[in-house]
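# Understanding the architecture of this molecule
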Amino acid sequence: MNTIFDQTLAVIGSRKITPEYGMRAIKEIVPDLAGSGYTIVSGGALGADTQAHLSALEAGGNTIVVL
């Protein structure tokens, strides 16, 4: 039985994410992974964590916030 935990990827980053590199990298990498079945896991803090969750949701993927 497959679950959302079969393939997970933790995304951890800065709260002060740079638009030139950090934001661009997440927007390029996370949607492809989330769209192909990876569940994106992160802490949900502002910055890189939030962008990873938003990118996963926009791609129709699963996301988990660990507080």
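Presented here is a report on the structure given in the accompanying data block. (Residues numbered from 1 in each chain as written. Predicted model: local features only at pLDDT ≥ 70, side-chain atom pairs only at ≥ 80, totals over all residues. Heavy atoms only, no water.)

### Some thoughts on the environment of Gly47
Which entries qualify depends on this criterion: Only DSSP runs of H or I with at least four residues qualify as helices, and only runs of E with at least two residues qualify as strands; both kinds are numbered from the N terminus onward. Contacts between residues were defined by any pair of non-hydrogen atoms, one from each residue, lying within 4.5 Å.
Assignment of secondary structure puts Gly47 in the loop between β2 (39-42) and α2 (48-58). Expressed as a C-alpha distance, the spacing of Gly47 and Gly13, which sit 34 residues apart in the sequence, is 7.3 Å. Those residues within four positions of Gly47 in sequence are excluded, and the remaining contacts are Ser14, Arg15 and Ile17.

### With respect to the sheet that holds strand β1 (residues 8-10)
By definition, the strands of a sheet pair up through backbone hydrogen bonds, in either a parallel or an antiparallel sense. Note the cut-off: When DSSP finds two or more bridges between a pair of strands, those strands are recorded as paired. For helices, the fitted line uses only the C-alpha atoms of the stretch in contact; every axis is such a line through C-alpha atoms, and the angle between N-to-C directions lies from 0 to 180 degrees.
On the basis of which strands lie adjacent, the open sheet formed by three strands has the order β1-β2-β3 and parallel pairing. Strand pairing shows two members of the sheet lacking a second neighbour, β1 and β3 (63-65), which therefore form its edges. Within this sheet the neighbouring strands show an average axis-to-axis angle of 25 degrees, counted without direction. In terms of strand pairing, β1 meets β2 through three bridges, oriented parallel. Bridging from a neighbouring strand, Thr8 pairs with Thr39 of β2.

### Observations concerning the pattern of salt bridges
Should the charged atoms of two oppositely charged side chains come close, the side chains can pair. Under the convention used in this document: Any Lys or Arg side-chain nitrogen found within 4 Å of a carboxyl oxygen on Asp or Glu counts as a salt bridge. For the exposure calls, accessible area comes from a 1.4 Å probe over protein chains only, and a residue counts as buried if that area is under 20% of its type's maximum, exposed if over 50%, partly exposed in between.
Under the definition given, this model contains one salt bridge. One salt bridge in this structure joins Glu28 and Arg24, with 3.5 Å as the shortest N-O distance. Of this pair, Glu28 and Arg24 both sit in helix α1 (residues 19-35), four residues apart, which is roughly one turn of the helix. Arg24 gets classed as partly exposed once you look at its relative accessible area, which sits at 45%.

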